[in-house]
Structures are given as structure tokens and as C-alpha cells.
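The residues making up each chain are set out below.
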Number of protein chains: 2
Amino acid sequence: MGKVDLSACPVCSKLDITDETAFLDNLKCTIKTYPKNILIIRQGDICDALYMLTLGSVKTEMITENGNILGIEIIKAPRPLAPAFVFSDNNRFPVNVTSLEEVEIMKIPKAEIMRLMMTNPDFMSSFMTHNANRTQFLTNRLHLLSIKTIKGKLAHFLLENSPGEEISFVINRNQTELADFFGVARPSLARSLAELVQEGLIQINKKEYIILNSNGLRELLF
Amino acid sequence: MGKVDLSACPVCSKLDITDETAFLDNLKCTIKTYPKNILIIRQGDICDALYMLTLGSVKTEMITENGNILGIEIIKAPRPLAPAFVFSDNNRFPVNVTSLEEVEIMKIPKAEIMRLMMTNPDFMSSFMTHNANRTQFLTNRLHLLSIKTIKGKLAHFLLENSPGEEISFVINRNQTELADFFGVARPSLARSLAELVQEGLIQINKKEYIILNSNGLRELLF
DNA sequence: ATAAAAGTGTAACAATTGTTACACTCTCGG
DNA sequence: CCGAGAGTGTAACAATTGTTACACTTTTAT
């Protein structure tokens, strides 16, 4: 089993653990490793334990009923996968989870999570905050999807990621991934990007973007 | 202050409260009433306490940057409003909350919530489950929005709400509200509904719907 | 009972996005 | 260095949805 850096985990960082090894030994859990590009969790699978990604990175994607893929996000270890759903009445995973590299996943039973929360207020607090942040992420996602034009989505997304006007920044997604992220067709996204460039609002060089006119971008939101 | 039926509240129902009045007296909280059609909470407002709707009903709606309204849901007392966000790092309300009638709202400080969770495992468990269910609701919302055609959204929505083929059921929203719920224009929704009727898939009488051909509806999801 | 307001049906037209197809560039492994 | 595959630019056309407008029906308030 690989070495886990608990202090980097948003849920565990505040734990007062004098002996990390002892802590992990006391924890009833199972650990599994998966090779690259494996579908680890299917949308709809029962979720009766907390899945903690301890090594590697995964991609979560939601598949709509019409078969389209609506990319959600990339998760890097250490971080829990869909922690909120352990406690829901209908405890099924809402997304597919696919390994992007060789990964290691720690499966902690629900009862153990309960025990940790009871005995460790800091853990409880972190766990709550982490879930709250996840909810906020979903809300933002909802917000993005509710913007109806592609150029509007792009404006929102670029403004959110830009460090400021005329300052270049890198978007770590290619056009195909971006299109999935927005839930639109790839050529349509390319067209909208080209229009933004032609209108002098932004500048693109591979994955490097520069906002030239942030006010112009903001106008696309109305 | 109105009488509160705690047993009907998803978060409080499992509390072992021998004396409800004493429980509420011990709870440090403030109670406010609002008349009908008042904007109680604005999207972006700081959320440093748990807002519990104890009487009446409210409507929550998300306003996108382009000014469009994306209806989310109607909430009836007793139920907490956006309970997850009390604990998030950026603890701001994600939605507007408007009263639909005269309402009463109990404001419980975050510290009090923490105390309740520490001292009352059942409360903690219910609170977690409730938040998890909310997350699942958001995920479903995301799912619905990610379906691209209006007829697809309608098919998904109607199949989800129908008790079965040829059995009538009531949708408690008018066309305008439904259009908001789906994030589409009202006449476009009307057109899609008319098409579903014309194709013999459903039957409509005011707010009463009947699915005539559920397989036909399912085909719209591909 | 009746006027005002809210909700619905529908049509013509505009705007946006999706689909498909293909040429081109870039990257990476052999 | 070269070829395969991935990623990009772009164009023509189809499909879907939005916009606007107006007549009509239903509900609500006085």
C-alpha cells in the first residue's frame, strides 16, 4: 500500500493524529488498486461506504439518458469520492468514475465514518465543510449549465478563471474536453471561441488564454 | 410564535425530545415572520446560521448572470433552507428565497448546530442524510438540465412523476413555471407539449397528465 | 357579475446550436 | 525522421429553440 499524505486531504487535514500509521491500522477499511482507464464505479452503483482516493487520479462523468456525456471533473488523490452520497436515502453513485492512471482506493464502511465523527469533532467539521463545498460546486455547475448561449458560458468560465485583463492563464482542457464540460458539440464550441477571438475579446494560443476586454465578455452575460 | 411540528421536519424527526417546548427554549435562536411575496434571502447573502422554515412556504430560484430565472423548487414548512451552506468555506446562499404566503423563519446560529450534532447523534445522522438528499436533488437537477431537447426533458420529467401508463397524475406547476423549471421559453414548452399530445404519447387536461405510451416517451431520451 | 389579470394556444420568423465532413497541424512513439 | 492518431479550423446545411405577437380562455378580486 502506498504512503498516504493525510495532511493534503481536505477531510482529514485537521485530524489530530500523533501516529498516522496507528490511525490507519485502527481504521477498518479495505484497499484496492486499479490499473489505468478502468471504470471503477458505475453511475447507479450502491454506495455503502466512503471511497477515498489515496493514490492517482480519476475522472468523474455523468451520462445522460440520451447517451451524451456531461463531463464533470478530474479528481486527484487524496480526496474522497462522492462523500455526500454515503448518507443519502437513495445511496447510489450519481456519476461514473474512471481511473486516469494507476489508482489506489480506500473503502471505509459507513459505520466507521459515523464512529470517526462521533469521536472526533474536527473530523466531523471538516467532513461537513467538504460536503458543503461539494454542494456549492454542484450549484456552480448548475449555474454554468443554465447559461444558454455557448459564448455566455465561455465568458462566465473565462472570467472565473482569469487572473485579470491582459494576463495569460492556462486552461487545462482541450477543446473536446471543454465541449464536454459545457455539454455542447465540439465544432460549436470552436466556432464560438473563434468568434470571441475575432471580436477582439480574447486571445488564444494552444491552451493559453488572455482576456483582452473583460467588459466586452461581461456583456455576453446579458 | 406558531406551533411547530418538529416530527414533520426531515432533520428533526428523529430527535428524542421528551419536552418539545423545553427543547425549543434551550435552543438559542431568533424567530422572524415575513408577509407574502417578500424576498427573504438574496442570492449571495452571507449564510452564518441555519434558516429553518417553521411556517408557510417559500420559493427558491436561481438567477443566472444573464438575468434569466431558473426555477428550482417550492419548499413547505417545516424544512431547513440550504442547510449545507452553513458549513461551506464560501458560506453564501446560492438562491433567492421568496415567501409564497406569510412565513415564519427560525434562525439557528452555526455554533448551536454544532452543539446539537455533538450532543445528539440522531440529529447529526438526520442532518447528514438530509444534506445528502439535497445533494442528490441537485444532481438530478443537473441531469435534467443536461438533457438537450425540450421533449427529452419533458419525457424524463413525466416518466419520473407518472404512477404508470394510462394513470392520470397532477403536475403542480403551470406552463410558465414548468418552462422556468426546465430553463426554456414558455412558447417553446407549449409547442413541445402539443407535439407530445399530437404524437399520441400523452394526454393533458389542465394540470392533469396521462402517459399513453411510455415506451414512446423513452425513445425521446436517445 | 364583471373587469382585470393570469395563463394558454399558436404562428411566423430569427437566432443559435448540432451534424457531418474534410483538410490541416501537432504530438509522440518507434 | 516519419507515420498514426489526436486535436483543431471551418464550412454547408439541418434541427431545435427563442422571440414576438396576438387571440382566446380561465381564474381572481371587487
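So, how was this worked out
Residues numbered from 1 in each chain as written. Chains lettered and ligands numbered in written order. Predicted model: local features only at pLDDT ≥ 70, side-chain atom pairs only at ≥ 80, totals over all residues. Heavy atoms only, no water. Helix = DSSP H or I, 4+ residues; strand = E, 2+ residues; numbered from the N terminus. Buried < 20%, exposed > 50% of the residue type's maximum accessible area, 1.4 Å probe, protein only. Contact = heavy atoms within 4.5 Å. Areas by Shrake-Rupley, 256 points an atom, 1.4 Å probe, with all protein chains shown as cover. Least-squares fit on C-alpha atoms with pLDDT ≥ 70 in both. Salt bridge = Lys/Arg side-chain N within 4 Å of Asp/Glu carboxyl O. Polar contact = N/O pair within 3.5 Å; in protein donor to acceptor, adjacent residues only side chain to side chain. Nonpolar A, V, L, I, M, F, W, Y, C, P; charged D, E, K, R; others polar. Near = heavy atom within 4 Å. Axes fitted to C-alpha atoms, helices over the stretch in contact; angles between N-to-C directions. Parallel < 35°, antiparallel > 145°, perpendicular 65-115°, else oblique. Pairing = 2+ DSSP bridges. Phe/Tyr/Trp six-rings, centres within 6.5 Å; stacked < 30°, edge-to-face > 60°. Lys NZ or Arg CZ within 6 Å of the ring centre and 35° of its normal.

Caption draft 1: Inspection of the overall build of chain A at higher detail. Scanning chain A from N- to C-terminus turns up seven helices and 11 strands. Classification of the 222 residues of chain A by burial places 51% in the buried group. Taking contacts inside chain A between residues at least 6 apart in sequence as the whole, the part at least 24 apart equals 71%. For chain A, the accessible area works out to roughly 10,600 Å², and carbon and sulfur atoms hold 48% of it.

Caption draft 2: Structural detail: the relation of the copies chain B and chain A. Structural alignment of chain B on chain A gives an RMSD of 0.1 Å, achieved by rotating through 180° and translating 0.0 Å along the axis. What the superposition gives is, in effect, a two-fold axis relating one chain to the other. Both copies present the same face, since 100% of the interface residues in chain B are matched by interface residues at the equivalent positions in chain A.

Caption draft 3: Summary view of the interface of chain B and chain A. Taken together, the contact between chain B and chain A spans 44 residues of the former and 44 residues of the latter. Taken together, the links from chain B to chain A amount to zero salt bridges. For the pair chain B and chain A, the number of links is seven residue pairs in polar contact (both at pLDDT 80 or more). Within the residue set of the side of chain B that touches chain A, elements represented by two or more residues are β4 (57-63), β5 (69-76), α2 (110-119) and α3 (121-146) of chain B. Considering each element in turn, the side of chain B that touches chain A owes the most residues, 18 residues, to α3 of chain B. Partitioning the side of chain B that touches chain A into residue classes produces 22 nonpolar, 17 polar and five charged.

Caption draft 4: Representation of the protein's contact with DNA strand C. Around DNA strand C, a shell composed of 15 residues is seen, among which Thr149, Ile150, Ser188 and Arg191 of chain A together with Gln175 of chain B lie nearest. Asn174 of chain B places a side-chain nitrogen or oxygen 3.1 Å from a phosphate oxygen of DNA strand C. Measuring from a phosphate oxygen of DNA strand C, one finds a side-chain N or O atom of Gln175 of chain B at 2.5 Å. Elements with a contribution of two residues or more to the surface near DNA strand C: α6 (186-198) of chain A together with α5 (175-182) and α6 (186-198) of chain B. Of the residues in the surface near DNA strand C, the class split is six nonpolar, five polar and four charged.

Caption draft 5: Highlighting the packing of α5 of chain B against α6 of chain B. All names here are of chain B. For the pair α5 and α6, interaxial distance at closest approach is 9 Å and the crossing angle is 100°. As judged from the angle between their axes, α5 and α6 are roughly perpendicular. Contacts between α5 and α6 pair Gln175, Thr176, Leu178, Ala179 and Phe182 from the former with Arg186, Leu189, Ala190 and Leu193 from the latter. Tallied by class, the residues present in the contact of α5 with α6 amount to six nonpolar, two polar and one charged.

Caption draft 6: Highlighting the sheet that holds strand β11 (residues 208-211) of chain B. Residues and elements named next belong to chain B. Strand order in the open sheet formed by three strands is β9-β11-β10, with antiparallel pairing between adjacent strands. This sheet does not close on itself; its edge strands, each paired only once, are β9 (168-170) and β10 (202-205). Each strand of the sheet is rotated relative to its neighbour by a mean of 25°, with strand direction disregarded. As paired strands, β10 and β11 are joined by four bridges and run antiparallel to one another. Opposite Gln203, over in β11, you have Ile210 as the bridge partner. Set on the sheet, helix α4 (residues 150-161) makes contact with β9, β10 and β11; between it and β11 the angle comes to about 95°.

Caption draft 7: Local environment of the environment of Arg173 of chain A. Residue and element names in this part refer to chain A. Structurally, the position occupied by Arg173 is in the loop between β9 (168-170) and α5 (175-182). The class of Arg173 is partly exposed, set by a relative accessible area of 22%. Between the C-alpha atom of Arg173 and that of Lys207, which follows or precedes it by 34 residues, the distance is 7.3 Å.

Caption draft 8: Expanded view of the packing of aromatic side chains. Following the criterion strictly, the structure yields 14 aromatic pairs over all chains and no others. Pairing Tyr51 of chain A with Phe93 of chain A gives two aromatic rings, centres 5.4 Å apart and planes at 75°, and the pair type is edge-to-face. Separated by 42 residues along the polypeptide, Tyr51 of chain A in strand β3 (residues 49-55) and Phe93 of chain A in the loop between β6 (79-81) and β7 (96-99) bring together distant segments of the chain. Pair check on accessibility: Tyr51 of chain A and Phe93 of chain A agree, each one buried. Measuring from centroid to centroid gives 6.2 Å for Phe87 of chain B and Phe127 of chain B, while their planes differ by 70°, and the two rings are edge-to-face. You can see Phe87 of chain B sitting in the loop between β6 (79-81) and β7 (96-99) and its partner Phe127 of chain B sitting in helix α3, a full 40 residues away along the chain. Overall, the relative accessible area of 2% leaves Phe87 of chain B in the buried class. According to the relative accessible area criterion, Phe127 of chain B is buried, its value standing at 0%. Counting every residue linked through ring pairs, the aromatic cluster contains Phe87, Phe123 and Phe127 of chain A. A cation over an aromatic ring shows up here: Arg141 of chain B above the ring of Phe181 of chain B, its NZ or CZ 4.1 Å from the ring centre.

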